Amino acid sequence: MTSSASSETPQPKGYTPKKGQPTPKRSEAEKGLRRPLNAPQTRREAYRQYRERRSRESQRAAQRSGARKGEEQTFRPQDLGPVRAYARDFVDSRRSVSEFFLYFSLAIILLLFVPMPELQLGVTYIVWPAMMVSIVAEGIYVSNRIKRDVRRYFPDEETRGVGFYAAMRQLQIRKLRLPKPRVRVGESIIPANR
């Protein structure tokens, strides 16, 4: 054996060597975390950040009000284009079970508070699953129908995600949909490029 191997004493299991400095107190360790990452250093910088935040808020407010009015220049990027407009019009021109999903959900929750075990079991094991199956089936139908129509009417346009877009719009309450519906229920829709 060499002298270095003999000078090393065996350490007990689980031994951790000292790190050379004391563990900081919690208050000292958290001092650096309390300051915001982009805190302004000067009054001028703080005012500039305030102006930027105000302009972003006013842009968002203008975008929301424009989307409610149907102004296309204020639409979100995912709402732009003739393909998405056709999908919106298709969904808005028909009634569906899915648009009443929130009302049905609220009614089911209220029925679960009625102190009748038979009613609660019926709602839990029959009504709720039936509603979910109908909403999923309707979403799949609308998604496939929109994809087929879009391929036929808009062969040169990008169609990625349009089926999911239509299915999600269908889940929204008609009055709360943004962009605002342009067509009435039952009205026939004609694609913009035809």
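Residues numbered from 1 in each chain as written. Predicted model: local features only at pLDDT ≥ 70, side-chain atom pairs only at ≥ 80, totals over all residues. Heavy atoms only, no water.

S.K.: Is there a simple way to explain the overall build of the chain in this structure?
M.R.: On a plain count of helices and strands, the chain comes out with seven helices and zero strands. Order of helices (α) and strands (β) in the chain, N terminus to C terminus: α-α-α-α-α-α-α. Radius of gyration (C-alpha) of the chain: 30 Å, far over the 16 Å computed for a compact globule of 194 residues. Considered along the principal axes of its C-alpha atoms, the chain spans approximately 95 × 60 × 45 Å. Expressed as a percentage of the 194 residues in the chain, the buried residues total 25%. Considering only intrachain contacts with a sequence separation of at least 6, the fraction spanning at least 24 residues in the chain is 67%. Split by element, the accessible area of the chain, about 15100 Å² in all, is 57% carbon and sulfur. Both charge centroids of the chain, one from 38 positive and one from 19 negative side chains, sit 5 Å from each other. (Helix = DSSP H or I, 4+ residues; strand = E, 2+ residues; numbered from the N terminus. Rg over C-alpha atoms; globule rule 2.2 N^0.38 Å. Buried < 20%, exposed > 50% of the residue type's maximum accessible area, 1.4 Å probe, protein only. Contact = heavy atoms within 4.5 Å. Areas by Shrake-Rupley, 256 points an atom, 1.4 Å probe, with all protein chains shown as cover. Lys, Arg positive; Asp, Glu negative; His and termini not counted. Charge placed at Lys NZ, Arg CZ, Asp CG, Glu CD.)

S.K.: Would you mind going over unusual backbone geometry with me for this structure?
M.R.: The omega torsion across Leu 178 and Pro 179 is -5°, close enough to zero to call that bond cis. Here Pro 179 is to be found in the segment after helix H7 (162-171).

S.K.: Sorry if this is basic, but what is going on with the packing of aromatic side chains here?
M.R.: Applying the stated criterion across every chain, the model contains six aromatic pairs. Relative to Tyr 153, the ring of Tyr 86 has its centre 5.6 Å away and its plane inclined at 75°; by these criteria the two rings are edge-to-face. Here Tyr 86 is found in helix H4 (residues 82-92), whereas its partner Tyr 153 is found in helix H6 (residues 117-153), with 67 residues between them in sequence. Like Tyr 86, the residue Tyr 153 is buried in the burial classification. Joined through ring pairs, the aromatic side chains of Tyr 86, Phe 90, Tyr 153 and Phe 154 make up one cluster. Lying over the aromatic face of Tyr 165, Arg 84 brings its terminal NZ or CZ to 4.7 Å of the ring centre. (Phe/Tyr/Trp six-rings, centres within 6.5 Å; stacked < 30°, edge-to-face > 60°. Lys NZ or Arg CZ within 6 Å of the ring centre and 35° of its normal.)

S.K.: Sorry if this is basic, but what is going on with the side chain of Ser 93 here?
M.R.: Looking at the element boundaries, Ser 93 is found in the loop between H4 and helix H5 (101-112). Sequence-distant contacts of Ser 93, that is, excluding residues within four places in its chain, are made with Val 183, Arg 184, Val 185, Gly 186, Glu 187 and Ile 189.

S.K.: What am I meant to see in H4 here?
M.R.: The buried fraction of H4 is high, at 10 of 11 residues. Residues of H4 that are buried: Val 83, Arg 84, Ala 85, Tyr 86, Ala 87, Arg 88, Asp 89, Phe 90, Val 91 and Asp 92. Lining the buried residues of H4 we find H6 and H7.

S.K.: Mind showing me how you'd approach a positive patch on the surface here?
M.R.: Among the surface-exposed residues, Arg 53, Arg 56, Arg 60, Arg 64 and Arg 68 lie close enough to one another that they form a single positively charged patch. Summarising the element assignment, Arg 53 is placed in helix H3 (residues 43-69). Residue classification places Arg 53 among the partly exposed residues on the basis of a relative accessible area of 41%. (Patch = residues over 30% accessible without salt bridge, like charges linked within 9 Å, V, L, I, M, F, W, Y side chains within 5 Å. Salt bridge = Lys/Arg side-chain N within 4 Å of Asp/Glu carboxyl O.)

S.K.: Which parts of the structure should I look at to understand H7?
M.R.: Three- or four-residue spacings in an α-helix give side chains the same orientation, since the helix completes a turn every 3.6 residues. Most of H7 sits inside the fold, with seven of its 10 residues counted as buried. Buried residues of H7: Val 162, Gly 163, Tyr 165, Ala 166, Ala 167, Arg 169 and Gln 170, and no others. As for H7, its buried residues are in contact with H4 and H6.

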